[in-house]
Amino acid sequence: MLPKALTLIGFFALLVFGAANLRAEESESAPPSALAAPSEVGEPVPSETQPAPAASAAQLKVAVIPIREAIGKPVLYVVRRGLKEAIELGADIVLIDMDTPGGEAGAMLQIMEAFDKFPGKKLTYVNSEAISAGAIIASVSEEIYFAPRGVMGAADVVTGSGGDIPAGMKRKIDSYLSAKIESYTTHAPRRADVIKAMRIPEFEFKLDGQVIKEKGELLTLTAEKAIALYGDPPTPLLAAGVADDIASLLDSRFGSEGYALTRLDETWSEQLAVWLSGLVPLMLGLGLLALFIEFKTPGFGIFGIAGVTLLGLVFLSNFVAGLSGHEPVLIFALGLILVAVELFFLPGTVVFALSGILLLLGSLLWSMADIWPNEPLTISADVFLSPLMNLGTGLALAIFGGLALLRFLPKGMFWDRVVLAAAATGTSAPEIEEESLIGREGVAATALFPSGQIEIDGRRYEARVAVGTVDAGERVRVRARREFELLVERADSPPPFHVSAAAETNASASPSTEPLAQAESPQNAAAAPASPAASNAEGSLRA
């Protein structure tokens, strides 16, 4: 049985870490499209924030995270995971490489919240479009830079099909977004009005007596308009500068030797994670059920492979989604080890199984929670409500699935292989008739506290002692067969008198009936002859 536990743990670790390493290799091998040799930059423009610092001996760590295509869950996963990795690497600057026509409002808001959690400097490079949701996300950054042909704006909120939202709902959304953007743009007060002009047609935007955007229109800025100067002292309308590409932007901003750059690109795994994220409760339930069946069957078979694969996919999808790192996988493996210790070495001690189950469930919950490395852990509904719902649904599926198998699967077709354990050689036991082991004697292969293993004719079986405990090496007798184990007693205990297996099972489940079985033994029958009164009393007791 020990090889089974080791095989389960090893297979699980290889699956998850192998997939994670493959994902890391994909990111490292992504072509550095924006990291070409620096080219000329246009005339310097006054910045909204601080002047460019001189290059120093200590290089700044810059992480580039792309926002490409339509904004949705795959982009959210890339951004969230990239920001957490940047925090763990100690990055000083995160730069969003943006080229998007917009996308889902829900994903947009989550990206804004994630972007705001980064403790260092936040930059956005409009390369070449930041339309709709892209423009609103860019507002969170401290500095916005444009490609020469970059455009940004047209951020009105519409339905998924592109239609207008009902007026009442539109007012609520506009009010909420205005407050949200203002809270993120306190470092650049003018920016909130610029983004408002991009979102709300009824808003007329004026600066220095000049109408920048008339009522009934949406503001969309080119690079030239974004760097136009307004106010006293003059400052750019929106952009901190224009650069041909990211390399030339960073060279002009920090010096060619003043930074070290890493980049994270979207791959097929984000799309896979989106598909898998909707199946997490189902994979959890089926994975836990398969592992339970695997621990109850001999050898290492299809149930073990299926259970480990399904739970591995749960961890992998959460890792790709940026929800967790490798730590939950290690905790899950430790939980498996403790459960294996309980089942194979110290059955009946309970503490190992209980600790292992808590670690298993805790690691699954941890893997689904959006926990940030730079923030203290807080127990809140925002962090744990969705993971708890997924975990609860998975556990319910596993429990009801197990009960359904017990109830509807024909006996002799499957449960014979579940109940009867492997032979000493580790090979599967042949199918055995329902009643063939009842009354047979064997030896306790492990201590029964009250569960463990017994050996009959060289084969081992999962067993539970009806009363008390049995030490390893003591002889036992099979009394009945349960769904997942054999019910046994010490061999020196008086055998019951003509009691069927079904009655023995009922007797073990109801303590009040066991004395009756003993009272009907030959010895008791001889000591106390039956009488009508006794029969009536006995009948009352049975009722």
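Preceding this section is the structure that the text describes.
Residues numbered from 1 in each chain as written. Predicted model: local features only at pLDDT ≥ 70, side-chain atom pairs only at ≥ 80, totals over all residues. Heavy atoms only, no water.

Visitor: I would appreciate a short explanation of the pattern of salt bridges in the present structure.
Guide: A side chain with one charge may pair with a side chain of the opposite charge, provided their charged atoms come close. Tallied over the full model, the rule gives 20 salt bridges. Where Asp156 meets Lys170, a salt bridge forms, and the shortest distance between an N and an O atom there is 2.9 Å. Separated by 14 residues along the polypeptide, Asp156 in the loop between strand 5 (151-153) and helix 5 (167-184) and Lys170 in helix 5 bring together distant segments of the chain. The buried category is assigned to Asp156, whose relative accessible area is 18%. Between Lys206 and Glu204 there is a salt bridge, with the nearest N and O atoms lying 3.8 Å from each other. Accessibility expressed as a relative area gives 34% for Glu204, which makes it partly exposed. Connected through salt bridges with shared partners, the residues Lys121, Lys122, Glu142, Glu143 and Arg253 form a single ionic network. (Salt bridge = Lys/Arg side-chain N within 4 Å of Asp/Glu carboxyl O. Helix = DSSP H or I, 4+ residues; strand = E, 2+ residues; numbered from the N terminus. Buried < 20%, exposed > 50% of the residue type's maximum accessible area, 1.4 Å probe, protein only.)

Visitor: I'm lost on the pairing of strand 14 (residues 451-456) in this one. Help?
Guide: For a regular strand, the rule is simple: side chains alternate between the two faces of the sheet. Extensive coverage of strand 14 is indicated by the burial of five of its six residues. Strand direction decides the pairing type here: strand 13 (residues 441-444) and strand 14, joined by two bridges, are antiparallel. Of the residues in strand 14, the one forming a bridge with Ala444 is Ile454. The hairpin turn running from strand 13 into strand 14, its antiparallel successor, is six residues long. In the sheet, strand 14 pairs with strand 15 (residues 459-465) via six bridges, with the strands oriented antiparallel. Looking at the pairing, Gly452 lines up with Ala463 of strand 15. (Pairing = 2+ DSSP bridges.)

Visitor: Whenever I open this one, the sheet that holds strand 16 (residues 475-481) confuses me. Can you help?
Guide: Strand pairing in a sheet relies on backbone hydrogen bonds, with the paired strands running either antiparallel or parallel. Spatially, the five strands close up into a barrel ordered 13-14-15-17-16, and their pairing is mixed. Between one strand axis and the next, the sheet turns through 55° on average, direction left out of account. The sheet contact formed by strand 13 and strand 16 spans three bridges and is antiparallel. Residue pairing for strand 16: Gly442 is matched across the bridge by Val476. (Axes fitted to C-alpha atoms, helices over the stretch in contact; angles between N-to-C directions.)

Visitor: Quick question: what am I supposed to make of the pairing of strand 3 (residues 121-131) here?
Guide: Buried residues dominate strand 3, accounting for eight of its 11 residues. Two strands pair when backbone bridges link them, and strand 2 (residues 93-100) and strand 3 are joined in this way by seven bridges, in the parallel orientation. Residue pairing across strands places Val94 opposite Lys122, the latter belonging to strand 3. As for the winding sense of the linkage, the β-α-β connection from strand 2 through helix 3 (residues 105-117) to strand 3 is right-handed. As defined by bridge partners, strand 3 adjoins strand 4 (residues 143-146) across four bridges and the pair is classed as parallel. The partner of Thr124 across the bridge, within strand 4, is Ile144. Since strand 3 and strand 4 lie parallel, the crossover through helix 4 (residues 133-138) that links them has a hand, and here it is right-handed. (Right-handed = clockwise from strand over helix to strand, strands pointing away.)

Visitor: What is the right way to read helix 13 (residues 351-368) from this model?
Guide: Residues spaced three or four apart along an α-helix face the same direction, because each turn holds 3.6 residues. Here helix 13 spans 26 Å end to end across 18 residues, near enough to the 26 Å set by a 1.5 Å rise per residue. Along helix 13, the residues that are buried comprise Ala353, Gly356, Leu360, Ser363, Leu364, Leu365, Ser367 and Met368. (Expected span 1.5 Å × (residues − 1).)

Visitor: I would appreciate a short explanation of the environment of Pro119 in the present structure.
Guide: Within the element layout of this structure, Pro119 appears in the loop between helix 3 and strand 3. Put simply, Pro119 and Leu83 are 36 residues apart on the chain and 10.0 Å apart in space, counted from C-alpha to C-alpha.

Visitor: Even after reading the chapter, I still don't get the nonpolar core, so can you show me in this structure?
Guide: Most often, soluble globular proteins keep nonpolar side chains buried together rather than apart. Ranked by size, the top nonpolar core spans 64 residues in total, and within it Met152 and Met198 carry the most contacts. In terms of residue count, helix 2 (residues 73-88) provides more of this core than any other element does, eight residues in total. With residues near it in sequence (within four places) discarded, Met198 still touches Ala135, Met152, Gly153, Ala154, Ala155, Asp156, Leu218, Leu219, Leu221 and Leu238. (Core = buried A, V, L, I, M, F, W, Y, C linked by side-chain atoms within 4.5 Å. Contact = heavy atoms within 4.5 Å.)

Visitor: Quick question: what am I supposed to make of the packing of aromatic side chains here?
Guide: The geometry of an aromatic ring pair is captured by the separation of the ring centres together with the interplanar angle, meaning the angle of the planes. For the coordinates displayed, the defined rule picks out two aromatic pairs. Ring geometry for Phe203 and Phe205: centres 6.1 Å apart, planes at 25°, overall stacked. Using a relative accessible area of 19% as the deciding quantity, one classes Phe203 as buried. Classification of Phe205 as buried rests on a relative accessible area of 2%. Between Phe315 and Phe332, the aromatic rings sit 5.3 Å apart at their centres with planes inclined by 70°, giving edge-to-face as the arrangement. Of the two residues, Phe315 sits in helix 11 (residues 302-320) while Phe332 sits in helix 12 (residues 327-344), which places them 17 residues apart along the sequence. The buried category is assigned to Phe315, whose relative accessible area is 2%. A relative accessible area of 1% means that Phe332 is categorised as buried. Between the NZ or CZ atom of Lys196 and the centre of the ring of Phe203, over which it lies, the distance is 4.7 Å. (Phe/Tyr/Trp six-rings, centres within 6.5 Å; stacked < 30°, edge-to-face > 60°. Lys NZ or Arg CZ within 6 Å of the ring centre and 35° of its normal.)

Visitor: How do you make sense of the packing of helix 11 against helix 13 when you look at a structure like this?
Guide: Packed helices, taken two at a time, are described by the angle between their axes plus the distance between the axes. Two elements in contact, helix 11 and helix 13, have axes separated by 8 Å at closest approach and are oriented at 30°. For the pair helix 11 and helix 13, the crossing hand works out as left-handed. Across the interface between the two elements, Leu311, Phe315 and Asn318 from helix 11 touch Ser363, Leu364, Ser367 and Met368 from helix 13. Considering only residue class, the contact of helix 11 with helix 13 consists of four nonpolar, three polar and no charged. (Left-handed = near helix turned anticlockwise from the far one by under 90°. Nonpolar A, V, L, I, M, F, W, Y, C, P; charged D, E, K, R; others polar.)

Visitor: Looking at this model, I keep getting lost on the environment of Met112. Mind explaining?
Guide: Tracing the backbone through its elements, the reader meets Met112 in helix 3. We classify Met112 as buried; its relative accessible area is 0%. Between the C-alpha atom of Met112 and that of Ile136, which follows or precedes it by 24 residues, the distance is 8.2 Å. When sequence neighbours within four positions are dropped, the list of residues in contact with Met112 reads Ile136, Ile137, Val140, Lys180, Ile181 and Tyr184.

Visitor: Sorry if this is basic, but what is going on with the side chain of Ser141 here?
Guide: Relative to the helices and strands, Ser141 is located in the loop between helix 4 and strand 4. Take Ser141: its relative accessible area is 0%, and that puts it in the buried class. One polar contact links Ser141 to Thr124, side chain to side chain, over a distance of 3.1 Å. Polar contacts involving the side chain of Ser141 include one to the main-chain carbonyl oxygen of Ala138, which spans 2.6 Å. With residues up to four places along the chain from it excluded, the contact list for Ser141 reads Phe115, Lys122, Leu123, Thr124, His187 and Arg191. (Polar contact = N/O pair within 3.5 Å; in protein donor to acceptor, adjacent residues only side chain to side chain.)

Scope: geometric values only; no functional claims are made or implied.
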